[in-house]
Amino acid sequence: MSDTLSRLRGELIAAGQFFHARGWVPATSSNFSARLGAEEILITSSGQHKGRLDDNGFLRADLQGVSLETGKRPSAETGLHTLMYRRDPAMGSVLHTHSVNATVLSMRLEEVVLAGYEVQKAFPGVETHESRLVIPVFPNSQDIPALAAEVNAYLDAHPQTVAYLIRGHGLYTWGATVADTLRHIEALEFLFECVYRQLLLDR
């Protein structure tokens, strides 16, 4: 466990630095997690600047979102992470970011439809640019259990969903590993910028 814990902390720290350099995790926004075991995850603790994370910026939590470390408080949005781990035993990581493009699109659209872009092939099971990916937008809410229930119902009905947005808030995506999930974020941010620029050109 200690080797896995150390490795995952290092991967999430590196992800935070990568995202911060691109302006996708401003201030103390965003939260990152990775699976430690069948019933345990590693997640950033509340109030951490994601571009300056160190080993002390994390806590272990169970799949109900309860901290397993005395004195460390999980993010209010931990329930959105644990939902994904409960849904899929193969889920290895969940990453949440707050880029400008994702936030602006979430304020303007009910869903972001991605079609015709080669970079869509960054996602598992997507083998052609002729695919169509729909990124739903959920209303922002401070009631995380209710929001998690809404997300869960949507994913039950649309199991091929690769990510979602929360209005005025940010992006959630997931993958089998931290590296896979980071790739999804990078691909989505490229695609969101394409959509944003296309909307400007269409005005």
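Residues numbered from 1 in each chain as written. Predicted model: local features only at pLDDT ≥ 70, side-chain atom pairs only at ≥ 80, totals over all residues. Heavy atoms only, no water.

Asker: Where do I start with the overall build of the chain in this structure?
Answerer: Looking only at helices and strands, the chain features five helices and eight strands. Taken from N to C terminus, the helices and strands of the chain fall in the order α-β-β-β-α-β-α-β-β-α-β-β-α. Taken over the C-alpha trace, the chain has a radius of gyration of 16 Å; the compact-globule value for 203 residues is 17 Å, and the two agree within 12%. The principal-axis extents of the C-alpha atoms in the chain amount to approximately 55 × 35 × 35 Å. Here the chain holds 203 residues, and the buried ones make up 49% of them. In the chain, of all internal contacts separated by at least 6 residues, the share reaching a separation of at least 24 is 58%. For the chain, the exposed area adds up to about 9,700 Å²; of that, 51% sits on carbon and sulfur atoms. Taking the average place of the 18 positive charges on the side chains of the chain and the average place of its 23 negative ones, the gap between the two points comes to 5 Å. (Helix = DSSP H or I, 4+ residues; strand = E, 2+ residues; numbered from the N terminus. Rg over C-alpha atoms; globule rule 2.2 N^0.38 Å. Buried < 20%, exposed > 50% of the residue type's maximum accessible area, 1.4 Å probe, protein only. Contact = heavy atoms within 4.5 Å. Areas by Shrake-Rupley, 256 points an atom, 1.4 Å probe, with all protein chains shown as cover. Lys, Arg positive; Asp, Glu negative; His and termini not counted. Charge placed at Lys NZ, Arg CZ, Asp CG, Glu CD.)

Asker: Would you take a moment to explain the packing of helix α2 (residues 78-87) against helix α4 (residues 144-157) for this structure?
Answerer: Relative orientation and spacing of two packed helices are given, respectively, by the angle between their axes and the distance between those axes. It is the contact of α2 with α4, at a shortest axis distance of 9 Å, that shows an interaxial angle of 35°. The crossing of α2 and α4 is right-handed. From α2, G79, L80, L83, M84 and R87 reach across to α4, where they touch I144, L147, A148, V151, N152, L155 and D156. By residue class, the composition of the contact of α2 with α4 is eight nonpolar, two polar and two charged. (Axes fitted to C-alpha atoms, helices over the stretch in contact; angles between N-to-C directions. Left-handed = near helix turned anticlockwise from the far one by under 90°. Nonpolar A, V, L, I, M, F, W, Y, C, P; charged D, E, K, R; others polar.)

Asker: Teacher, can you tell me more about the nonpolar core here?
Answerer: The nonpolar side chains of a soluble globular protein tend to be buried with one another. Counting residues in each nonpolar core, the largest one holds 37 residues, and the members touching the most others are F19, F123, I135 and F192. The element best represented in this core is helix α5 (residues 178-201), accounting for eight residues. Excluding anything up to four places from it in sequence, F192 contacts N101, A102, L105, V112, I135, L165 and L171. Core analysis: the second largest hydrophobic core is formed by 22 residues, I41, I144, Y154 and W174 among them. (Core = buried A, V, L, I, M, F, W, Y, C linked by side-chain atoms within 4.5 Å.)

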